[in-house]
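Residues per chain are reported as follows:
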Amino acid sequence: MDFPGNIGIMGGGSWATALAKILLNNCETVFWYMRRDDRIEEFTRLGHNPTYLSDVQFDVNRIYFSSDINYVCNQCDTLLMAMPSPYFKDHMAKINADLANKCFVSAIKGIVPGENLSVTDYMKATYHIPCENLLVISGPCHAEEVALSRPSYLTVGCSDTARAEAFAACLRGQNTHTIISNDVDGIEYAAVLKNIYAIAAGIIHGLKMGDNFLAMLVSNAVREMARFLNVIAPDDNRHICDSVYLGDLLVTSYSRFSRNHNFGSLIGRGYSISAAKMEMEQVAEGYYGTLCIHDINNDLGVDMPILEGVYDIIYRKLNPAVVMRRLGEQFC
């Protein structure tokens, strides 16, 4: 096939919607899997996603919607996975279509729960998808800023850089800039870690500990990220200050659009973990990522005090103010 061929978008949330908007600037049509028929019917009637990024208008005549994941898989050559990580494995379990020659693009910023594997590692181990057929997308990019047509930056990673460039061409536009990388593992794990650190940043905001403390958190977080990546996915060509690592960490830690920051802020303001989860309209990936990375690091033994601090707060239910003061004494 001529890569990427027919593209299928898997997921109906804000990130899937933003990526659909970008793709339709360059592709004649897309297929789009959404789990609920009522959402599809309303989307078709209104011309926009009824639940997420509802200001973004679509030409629905260029979209083939379906609630049948196998229909989309059979019709498409490339599948863009954009559902929250906690639901990824359940959606994949519904597929009985032949995936042998499909390409997968992961826009999922989380670890596969219960497996403690990145999405691409899970696809290799479970479905035997070769590395060259696995791509990843990361930021720095908020779905809400795509909807507002603000300048947005996407990093596309693949072991086959020609394939990464071909998919990046489908995303590139007046307000969308792309960067190519072959650091697939580093991009995936950095996307998980920045959500964890954004929860910590939000807790600091909720506790009103100030910008000085937040700056120390973020500067220590990027070094912690580098230590972890250098152990789990060594790469002599990786520069931690590149936008896909430091840039995505910064925007996720500071932005009002960051659901992980907002989740942490609720905790810092005194919400219980369960109440903060209920208050959120969307999944805070960092909640799940904290547990997964904590478990992974039990075997690796990387020095990760910020990860441990967030884990102490949201899983051991320790006092956020006490934990953050303890962290502050370790910052350098």
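Just so you know, these numbers come straight off a predicted model, no measurement behind them.

Let's shift gears to the overall build of the protein chain. Tallying secondary structure elements over the protein chain gives 15 helices and 8 strands in all. Relative to the 2.2 N^0.38 estimate, which gives 20 Å for 332 residues, the radius of gyration of the protein chain is 19 Å and therefore close to what a compact globule would have. In terms of overall dimensions, the protein chain has C-alpha extents of about 55 × 45 × 35 Å along its principal axes. Summarising the internal contacts of the protein chain: among those between residues at least 6 apart in sequence, 70% fall at separations of at least 24. Approximately 14000 Å² of the protein chain is accessible, and the part contributed by carbon and sulfur atoms is 46%. Across the protein chain, the 27 positively charged side chains and the 37 negatively charged ones have centroids separated by 7 Å.

Right, let's get into empty space enclosed by the protein. Empty space among the atoms becomes visible once a probe the size of a water molecule is rolled across them. Within the structure shown, the criterion is met by 1 cavity of 30 Å³ or more. If you add up the space inside the largest cavity, you get close to 50 Å³. Lining the largest cavity, in full, are Ser-106, Ile-108, Lys-109, Val-136, Ile-137, Ser-138, Ile-187, Glu-188 and Ala-191. Contributing elements (two or more residues each) for the lining of the largest cavity: strand 6 (134-138) and helix 8 (184-207). Classifying every residue of the lining of the largest cavity gives 5 nonpolar, 2 polar and 2 charged.

What follows covers the sheet that holds strand 8 (residues 176-181). Ordered by their spatial adjacency, 8 strands build an open sheet running 3-2-1-4-5-6-7-8, and the pairing between neighbours is mixed. Because the sheet does not close on itself, it has two edges, and the strands there are strand 3 (63-66) and strand 8. Shown here is a sheet whose adjacent strand axes are inclined to one another by a mean of 20°, direction ignored. Relative to strand 5 (residues 103-106), strand 4 (residues 78-81) is paired through 4 bridges, and the arrangement is parallel. Bridge assignment links Leu-80 to a residue of strand 5, and that residue is Val-105.

On to the pairing of strand 1 (residues 7-10), then. Both faces of strand 1 are covered, namely the face carrying Ile-7 and Ile-9 and the face carrying Gly-8 and Met-10. As judged from the 4 bridges shared by strand 1 and strand 4, these two strands associate in the parallel manner. The partner of Met-10 across the bridge, within strand 4, is Met-81. Note on the crossover from strand 1 through helix 1 (residues 14-23) to strand 2 (residues 30-33): the handedness is right-handed.

The next thing to look at is the nonpolar core. Leu-193, Leu-217, Met-225, Phe-228, Leu-229, Phe-263 and Ile-293 are the most contacted members of the largest nonpolar core, which has 51 residues in total. Among the secondary structure elements, those contributing two or more residues to this core are helix 8, helix 9 (211-232), helix 10 (243-254), helix 11 (259-268), helix 12 (273-279), helix 13 (285-300), helix 14 (305-314) and helix 15 (320-328). Ranked by the residues each element gives to this core, the list is headed by helix 8, at 13 residues. Apart from the residues lying within four places of it in its own chain, the contact partners of Phe-263 are Ile-199, Ile-273, Ala-276, Lys-277, Met-280, Ala-284 and Tyr-287. If you look at the next biggest cluster of nonpolar residues, it comprises 41 residues, including Ala-20, Leu-53, Ala-143 and Ala-168.

A few words on the layout of surface pockets. Its volume calculated, the largest pocket comes out at about 1100 Å³. Forming the boundary of the largest pocket are 45 residues, of which Gly-13, Pro-84, Arg-259, Gln-282 and Val-283 lie nearest the centre.

Turning next to unusual backbone geometry. For the bond from Phe-3 to Pro-4, the omega torsion is 5°, close enough to zero to count as cis. Position of Pro-4 among the secondary structure elements: in the segment before strand 1. The step from Gly-139 to Pro-140 runs through a cis peptide bond, and the omega angle for that step is 10°. Within the secondary structure layout, Pro-140 lies in the loop between strand 6 and helix 6 (143-147).

Criteria and thresholds
Residues numbered from 1 in each chain as written. Predicted model: local features only at pLDDT ≥ 70, side-chain atom pairs only at ≥ 80, totals over all residues. Heavy atoms only, no water. Helix = DSSP H or I, 4+ residues; strand = E, 2+ residues; numbered from the N terminus. Rg over C-alpha atoms; globule rule 2.2 N^0.38 Å. Contact = heavy atoms within 4.5 Å. Areas by Shrake-Rupley, 256 points an atom, 1.4 Å probe, with all protein chains shown as cover. Lys, Arg positive; Asp, Glu negative; His and termini not counted. Charge placed at Lys NZ, Arg CZ, Asp CG, Glu CD. 1 Å grid on protein atoms, 1.4 Å probe; cavity = no way out; pocket = protein on both sides within 12 Å on 5 of 7 lines; lining within 4 Å. Points joined across faces, edges and corners; volume = space filled by probe spheres on them. Nonpolar A, V, L, I, M, F, W, Y, C, P; charged D, E, K, R; others polar. Pairing = 2+ DSSP bridges. Axes fitted to C-alpha atoms, helices over the stretch in contact; angles between N-to-C directions. Buried < 20%, exposed > 50% of the residue type's maximum accessible area, 1.4 Å probe, protein only. Right-handed = clockwise from strand over helix to strand, strands pointing away. Core = buried A, V, L, I, M, F, W, Y, C linked by side-chain atoms within 4.5 Å.

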